Amino acid sequence: MLTIPTSMATAVTLQTLVQQMHDSPATTATLYDEEQKSAELTQRLEATNWSLFGGADSGRYRDLEKGGLQKYTGYGAQLGLRYPLLGTLQKRHAEVVDAQIAKGQASHSVALTRAEQQQQLRQTYIDWWQQEAIAQWCSRYQALAATEQALVAQRAEQQQLRLSEKLWVEQRWQRFTPLCSSVDSQQARLRKKLVYLYGNPLAHSARPVAESLPVQLSAVEQWLPIIEQHPALQMQRTAEHELQAVASSRWSERVDANFTISQRYDNHSEISGSGGGTMAAINFEIPLDSLTRATRANPAAARYVAAQYRAADTKQALLQTLERTLLTYQQRLDRLLERRQGAQQMQQLLQEQLARQSIDAEGGFMNVRQAQLELAEVDLELINDWQAAWSVFAQLQVLTDNAPPLRSTEQLHWSSVHLSASQPSNGQRHLVRPSKHSWSTAAYVWDSAALLAPQQREQQIELLVRAGFNRVYLGFNAAQVGQLERLTPQIRELIAQLKQRGFVVDLLLGDPNWLRPEQRHSMLQLIDRFASLPFDHLHLDLEVEQLGWPVPESRLKDWLDTLAAAAQRSAWPVNIVSHHRWFAPEQQSGKTCIPCALPTLNISSVTLMLYSTVQQSVSTRIAAILPAWPKLQFQLAQSVEAQLPVKNSWRGSSGADLQALNTYFYDQLHPQGLKGIAWQDWAHYPHPVTEKQQP
């Protein structure tokens, strides 16, 4: 089996393919259907206005006059304008309504077909990832399978093993041969299908990346606004809305009428010259039965009621499907977590069997063989279970345009037995939060250019990992914000790759001018522009001191009002960074108590700026703050910035020194409730590669 080395592979995220997906032939066909319905609507609208009519005639005539029978030949012509009235006009308006319904439904059909294409693309990508993971599984276990079969064959030949035991081991390992033999053809088939759905070629080195899975989705009630926007329901709502205008019955519907104005021209063979005249007329027609019947059936009213029932039925069907999908996702997620626990148990069992092999003699030999097999099987089932849970989640992503409502920001990351074997495990879920001691080590990244650049991204992420970080506050400069739409695919890829490495990724925004009520809308507009991106939190850096010292009470109130507006508008939980003075215990008796108000704004996480190189002083002051505000969680911010005085910045310290400092604050303050440390900022932090290259 031919595999591309990991160092040569190019990661292609699912979100990138979805964003750059071209319309398939099926989707393009629905676009032309919509264009057809639009042209038909234009024709129907034209029929409700003035129309031009005319004609010409010629013949032999016999007219009775006083002088007797007159015979002559003649010809004439007529040209005029006609305008529909009463029932005729209403019927044409009804045709317009039909055309509007057809056009609206065609438009929603485009959205539905495009969503189906996206769903097929997502599922094909997931299946492609599954085959890629199976290929890696085969490359890991094929050598082990050969070794295991050689071991039992040798034992059997030396008559130290029963033939039945030898056959049992061989057959169990050989069951995987067809799977590994077909993986290349399956990958080729899925890549071909993916290229068709994507609409662009894929590089030969392109490889899929597993997406994180949310641990807790919101209840069905939180999905109702999304259901209301579903194209299938909107198709019925379109009919309901358009028919409402023509549902009521009116007497004029019974009368077909027209108003005409025309010019007539005539010529007789027996009379020199020509004649003609201008005529205006109103014509009407009404069935006699309509005059004798008090009521008249109204098909539009029946259609309107039917549309209401269809909309209600479609909504109910969508809700039932959503409930089943949410339940299925939770069931598959639970099964995945159980499988992970089973894999950890199998790893432990294998280690124990290997340790006891010399004690248990022949029985120990077969116990090891069985444990090896069962570990390989559970590793394979992990791949299948992840694919099954991801497939269900992909359906919810299509429904919500990749923004499903979440009950929490906890995320489950892909990890096979092979990947997790070298990592410490406590038997818990692999969540996107600090797993070791629940300690966050965050980096402020105000300059994200290097991380966004595809050619530098992997190196930058590796540097962050090697430096010990597990959280990133990701900022963007004015130029990047100005090009946000163009940079969105790169930002999504960056977030996906950071989360793949276990990072919590928060959006970092900050401008003290937003504290001013007249400029607060700028912050809210910026939050809206970033709203579609899958950040974990919004981290606000609003320092009231930057607008002048001393800080008046009115500015503190403006601060709270700004935070309230941000928390209400933000698609993510909001946390803040602040100078430690506003969280000192004595603030409890202050006129405007910031930490008292934050929980009421749904803000529970605060990073305290206490820039000092006197470790004991920092520990003492933070230790006093922690128990004063039990409803808040605190992190400590430290600085390595070059522009700060030496007493306020750890600049010049080595990476090892800063790691030791991290350990110091953990030992001193984590038992008292401190949740982590944040470094300001990544641009000034000593990078591991830089240190390695120094003489």
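Residues numbered from 1 in each chain as written. Predicted model: local features only at pLDDT ≥ 70, side-chain atom pairs only at ≥ 80, totals over all residues. Heavy atoms only, no water.

Examining the overall build of the protein
Put simply, the rule reads: Put simply, DSSP H or I for four residues or longer makes a helix, DSSP E for two residues or longer makes a strand, and each gets a number counted from the N terminus. Only C-alpha atoms enter the radius of gyration, while the globule expectation follows 2.2 Å times N to the 0.38, with N the number of residues. Contacts are assigned to residue pairs that have any heavy atoms within 4.5 Å of one another. Here, Shrake-Rupley sampling with a 1.4 Å probe gives the accessible areas, and only protein chains in the shown set may cover a residue. Residues scored as positive are Lys and Arg, those scored as negative are Asp and Glu, and His as well as the terminal groups of each chain are ignored. For charged residues, the charge sits on one atom: NZ in Lys, CZ in Arg, CG in Asp, CD in Glu.
What the protein contains, in helices and strands, is 20 helices and 16 strands. Computed over the C-alpha atoms, the radius of gyration of the protein is 37 Å, more than 25% above the 26 Å expected from 2.2 N^0.38 for a compact globule of 695 residues. Projected onto its principal axes, the C-alpha coordinates of the protein cover approximately 140 × 85 × 55 Å. Nonlocal contacts in the protein, meaning residues at least 24 apart in sequence, comprise 83% of its contacts between residues at least 6 apart. Of the roughly 35300 Å² of accessible surface on the protein, a fraction of 51% belongs to carbon and sulfur atoms. Of note, the protein has its 64 positive side-chain charges centred 2 Å away from the centre of its 66 negative side-chain charges.

Overview of the environment of Ser 391
Put simply, the rule is: Pairs of N or O atoms within 3.5 Å make up the polar contacts considered here, provided that, within protein, one atom can donate a hydrogen while the other can accept it, and that residues adjacent in sequence are counted only when both atoms are side-chain atoms.
Mapping Ser 391 onto the fold places it in helix α9 (residues 299–399). Between the alpha carbons of Ser 391 and Phe 259 there is a distance of 63 Å; along the sequence they are 132 residues apart. Here Ser 391 is in contact with Gln 123 and Ile 126, once residues within four sequence places are set aside. At 3.0 Å, the side chain of Ser 391 and the side chain of Gln 123 are in polar contact.

With respect to the side chain of Gln 118
Within the secondary structure layout, Gln 118 lies in helix α3 (residues 86–157). Aside from chain neighbours lying at most four places away, what touches Gln 118 is Val 18, Met 21 and Val 398.

So, the sheet that holds strand β3 (residues 68–85)
For clarity, the cut-off: By the convention used here, strands pair only if DSSP detects at least 2 bridges between them. A fitted line through C-alpha atoms represents every axis, and for helices the fit uses only the stretch in contact; the resulting angles, taken between N-to-C directions, go from 0 to 180 degrees.
Taken in spatial order, the four strands make up an open sheet running β2-β3-β6-β7, and their pairing is antiparallel. Both outer strands of the open sheet, β2 (51–65) and β7 (275–285), are each paired with one neighbouring strand and no more. Put simply, the sheet's adjacent strands are angled 25 degrees from each other on average, direction ignored. By the bridge criterion, 15 bridges tie β2 to β3 in an arrangement that is antiparallel.

Looking at the packing of α3 against helix α5 (residues 177–198)
We count it as follows: Throughout this description, any angle smaller than 35 degrees is read as roughly parallel, any larger than 145 degrees as roughly antiparallel, any in the 65 to 115 degree range as roughly perpendicular, and the remainder as oblique. Take the far helix as your reference; a near helix turned counterclockwise from it by less than a right angle gives a left-handed crossing, and one turned clockwise gives a right-handed crossing. For this classification, the nonpolar set comprises Ala, Val, Leu, Ile, Met, Phe, Trp, Tyr, Cys and Pro, the charged set comprises Asp, Glu, Lys and Arg, and every other residue, Gly included, is treated as polar.
Running from N to C, α3 and α5 point in directions that differ by 155 degrees, and their axes come no closer than 9 Å. When the axis of α3 is compared with that of α5, the two are roughly antiparallel. For the crossing formed where α3 meets α5, the hand is left-handed. Split by residue class, the contact of α3 with α5 holds 14 nonpolar, seven polar and four charged.

Comments concerning unusual backbone geometry
Residues apart from glycine generally show negative phi values, whereas peptide bonds are mostly found in trans. Heads up, the condition is: Residue burial is assigned from relative accessible area. The probe radius is 1.4 Å, only protein chains are included, and a residue is buried under 20% of its type maximum, exposed over 50%, and partly exposed in between.
With an omega dihedral of 0 degrees, the bond running from Trp 549 to Pro 550 counts as a cis peptide bond. Mapped onto the secondary structure, Pro 550 falls in the loop between β12 (537–541) and α16 (553–569). Of note, Gln 159 is a non-glycine position whose phi angle comes to about 60 degrees, a positive value. Its location among the elements puts Gln 159 in the loop between α3 and α4 (163–174). For Gln 159, a relative accessible area of 73% gives the class exposed.

Digging into the pairing of strand β9 (residues 440–445)
Burial analysis of β9 places six of its six residues in the buried class, which makes it a mostly covered element. Neither face of β9 is open: one carries Ser 440, Ala 442 and Tyr 444, the other Thr 441, Ala 443 and Val 445, and all of them are buried. Across four bridges, β9 lies against strand β16 (residues 676–680) in parallel orientation. Each residue of the ladder has a partner; that of Ser 440, found in β16, is Gly 676. When β9 meets strand β10 (residues 471–474), the two strands line up parallel, connected through four bridges. Paired with Ala 442 across the strands is Arg 471, a residue of β10.

Observations regarding the nonpolar core
Where we set the bar: Joining through side-chain atoms within 4.5 Å is the link that ties buried Ala, Val, Leu, Ile, Met, Phe, Trp, Tyr and Cys residues into a set, and such a set is a nonpolar core.
The biggest cluster of nonpolar side chains holds 78 residues, and the ones touching the most others in it are Phe 530, Phe 535 and Phe 583. Those residues in contact with Phe 530 that sit more than four places away from it in its chain are Phe 476, Val 481, Leu 484, Leu 507, Leu 509, Phe 535 and Trp 572. Core analysis: the next-biggest nonpolar cluster, separate from the first, contains 71 residues, Ile 134, Val 169, Ala 376 and Leu 380 among them.

Overview of the state of the cysteines
The cut-off we apply is this: Note on terminology: disulfide denotes any pair of cysteine sulfur atoms within 2.5 Å.
All chains considered together, the criterion is met by two disulfides. With a sulfur-sulfur separation of 2.1 Å, Cys 138 is cross-linked through a disulfide to Cys 180. Of note, the bridge from Cys 138 to Cys 180 carries an S-S torsion of about -90 degrees and is left-handed in sense. Remark: Cys 180 occurs in helix α5 and Cys 138 occurs in helix α3; sequence separation between them is 42 residues. Pair check on accessibility: Cys 138 and Cys 180 agree, each one buried. There is a disulfide in this structure between Cys 593 and Cys 596, and the S-S distance comes to 2.1 Å.

Here's the deal with helix α2 (residues 25–46)
So the rule is basically this: Multiplying 1.5 Å by the helix residue count minus one yields the expected span of that helix.
Given a rise of 1.5 Å per residue, 22 residues ought to cover 32 Å, and the 32 Å separating the end C-alpha atoms of α2 matches this to within 8%. Buried residues along α2 sit in contact with α3.

Here's the deal with the pairing of β3
Taken together, β2 and the strand that follows it, β3, pair antiparallel across an intervening segment of two residues. Bridge analysis of β3 against strand β6 (residues 256–268) gives 12 bridges, and the strand direction is antiparallel. Bridge pairing in β6 links Gly 76 to Asp 266.

Let's talk about the confidence of the model for the protein
Low-pLDDT stretches of the model should not have their predicted coordinates read in fine detail. Short version of the rule: One confidence number per residue, pLDDT, is output by the predictor and ranges from 0 to 100.
Residues of the protein with pLDDT of at least 70 account for 91%, and the chain-wide mean is 85. Within the model, pLDDT remains below 50 along residues 1–8, and this stretch shows 13 contacts once partners closer than five positions in the same chain are excluded. Note on residues 418–437: pLDDT under 50 across the span, and 35 contacts to partners over four residues away in sequence or across chains.

Observations regarding the packing of aromatic side chains
For clarity, the threshold we go by: Classification of ring pairs uses Phe, Tyr and Trp, with its six-membered ring standing for Trp, and accepts pairs whose centres are within 6.5 Å; under 30 degrees between planes counts as stacked, over 60 as edge-to-face, and the remaining range as tilted. Here, a charge over a ring is recorded when the distance from Lys NZ or Arg CZ to the ring centre is within 6 Å and its angle to the ring normal is within 35 degrees.
Summed over the entire model, instances satisfying the criterion amount to 23 aromatic pairs. Taking 4.9 Å as the distance between ring centres and 70 degrees as the angle between the ring planes, the aromatic pair formed by Phe 469 and Tyr 685 counts as edge-to-face. Here Phe 469 is found in the loop between α12 (454–466) and β10, whereas its partner Tyr 685 is found in the loop between β16 and α20 (688–693), with 216 residues between them in sequence. Since its relative accessible area comes to 5%, Phe 469 is described here as buried. Through a chain of ring-to-ring contacts, three or more aromatic side chains come together here, namely Tyr 125, Trp 128, Trp 129, Trp 386, Trp 390 and Trp 414. For the cation-ring pair, Arg 82 lies above Phe 53, with the distance from its terminal atom to the ring centre recorded as 4.2 Å.

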